[in-house]
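Chain by chain, the residues run as shown.
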Amino acid sequence: MKFKALLVHLLTASGAVFAMLAMLAAVDEKWSLMFLWLVVAFAVDGIDGPLARQYDVKTNAPQYDGVLLDLIVDYLTYVFVPAYALFRSGLLPNWTGWIVIIIITFTSALYFADTRMKTKDNSFSGFPGCWNMVVLVLFALHPNYWVMLTLVVGLSITMFVPLKFIHPVRTTRWRTISLPIAFAWTVFAGWAAWVDFHPQSWAHWGLVVTSIYLLGVGIAQQIIPARSA
């Protein structure tokens, strides 16, 4: 059991390697390859948590802080690399690129250190800094840069307001719907990157639909009261 718990920590740490591979691709402006590595890291992040709880890493491999390790890797893959890509890609011209990269990295650093980020039902209080997902959709759709700037500023503000955003694995309410949709988003993301964000790809529509659900379902749960058991 201790060996398996240690392997879970190693799996989590592998996300840092995928972050570096994504960053190297981003430096060369190989955006599709960069996002493919980020999708791999996203998939790893989706499975290491359940494995950590299954093998009780806090008890069986306490020499490593799994929560801290996960936050370090998440900041690299969710925030740092996507922010760089959005800045370097040219989707946001002139001063708008500088504003966005500063806002994303600064607000996300604060959010990741916020002890109030989790709600009682294991959701997130405020937008959880999933910029990898946001930036991938922006690369796929190429909206007007004012739309992108507004979206980034708006989501950054929601990090610090009491709006709920689900964790597809740990939020039990509507999980039978949320978990398959999160899996579908991962498939659509990998598909879109694989075809180099071809504008006629059906993956783009899948990304839009699944992203809208994942962004809005937590707020919907706040509005719609849960049924009594």
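Residues numbered from 1 in each chain as written. Predicted model: local features only at pLDDT ≥ 70, side-chain atom pairs only at ≥ 80, totals over all residues. Heavy atoms only, no water.

Q: An account of helix H2 (residues 31-54) is requested, with residue identities and associated values reported.
A: In this model H2 runs 35 Å from its N-terminal to its C-terminal C-alpha over 24 residues, within 8% of the 34 Å that 1.5 Å per residue would give. For H2, the complete set of buried residues consists of Trp31, Ser32, Met34, Phe35, Leu38, Val39, Ala41, Phe42, Val44, Asp45 and Asp48. Of the surrounding secondary structure, the elements contacted by the buried residues of H2 are helix H1 (2-27), helix H4 (66-88), helix H6 (131-141) and helix H8 (175-194). One or two residues past the end of H2 sits aspartate 56, with phi positive at roughly 45°. (Helix = DSSP H or I, 4+ residues; strand = E, 2+ residues; numbered from the N terminus. Expected span 1.5 Å × (residues − 1). Buried < 20%, exposed > 50% of the residue type's maximum accessible area, 1.4 Å probe, protein only. Contact = heavy atoms within 4.5 Å.)

Q: Before we move on, can you summarise the nonpolar core with the specific residues and values?
A: Note on soluble globular proteins: their nonpolar side chains tend to be buried together. Counting 58 residues, the largest nonpolar core has Met34, Phe35, Leu86, Trp131 and Trp185 as its most contacted members. Within the residue set of this core, elements represented by two or more residues are H1, H2, H4, helix H5 (95-112), H6, helix H7 (145-158), H8 and helix H9 (203-223). Other than its neighbours up to four places away in sequence, tryptophan 131 contacts Tyr78, Val79, Pro82, Ile104, Ser108, Val152, Leu155, Ser156 and Met159. Counting residues in each nonpolar core, the second largest holds five residues, with Ala5, Val8, Tyr55 and Val57 among its members. (Core = buried A, V, L, I, M, F, W, Y, C linked by side-chain atoms within 4.5 Å.)

Q: Tell me about the packing of H8 against H9, residues and numbers included.
A: Relative orientation of the contacting elements H8 and H9 amounts to 145°, with a least axis distance of 9 Å. Our pair here, H8 against H9, has a crossing hand that is left-handed. Contact with H8, carried on its side by Ile177, Ser178, Ile181, Ala182, Ala184, Trp185, Phe188, Ala189, Trp191 and Ala192, involves Ala203, His204, Gly206, Leu207, Thr210, Ser211, Tyr213, Leu214 and Val217 of H9 and no other residues of that element. (Axes fitted to C-alpha atoms, helices over the stretch in contact; angles between N-to-C directions. Left-handed = near helix turned anticlockwise from the far one by under 90°.)

Q: Requested: an account of the pattern of salt bridges, with residues and values cited.
A: Taken as a whole and judged by the stated rule, the model has two salt bridges. One salt bridge in this structure joins arginine 116 and aspartate 114, with 3.0 Å as the shortest N-O distance. A salt bridge links lysine 164 to aspartate 121; the shortest N-O distance between them is 2.6 Å. Of the two residues, lysine 164 is situated in strand S2 (residues 164-165) and aspartate 121 in the loop between H5 and strand S1 (124-125); the sequence distance between them amounts to 43 residues. By relative accessible area, which is 11% here, lysine 164 ends up buried. (Salt bridge = Lys/Arg side-chain N within 4 Å of Asp/Glu carboxyl O.)

Function cannot be read off these values alone, since they describe shape.
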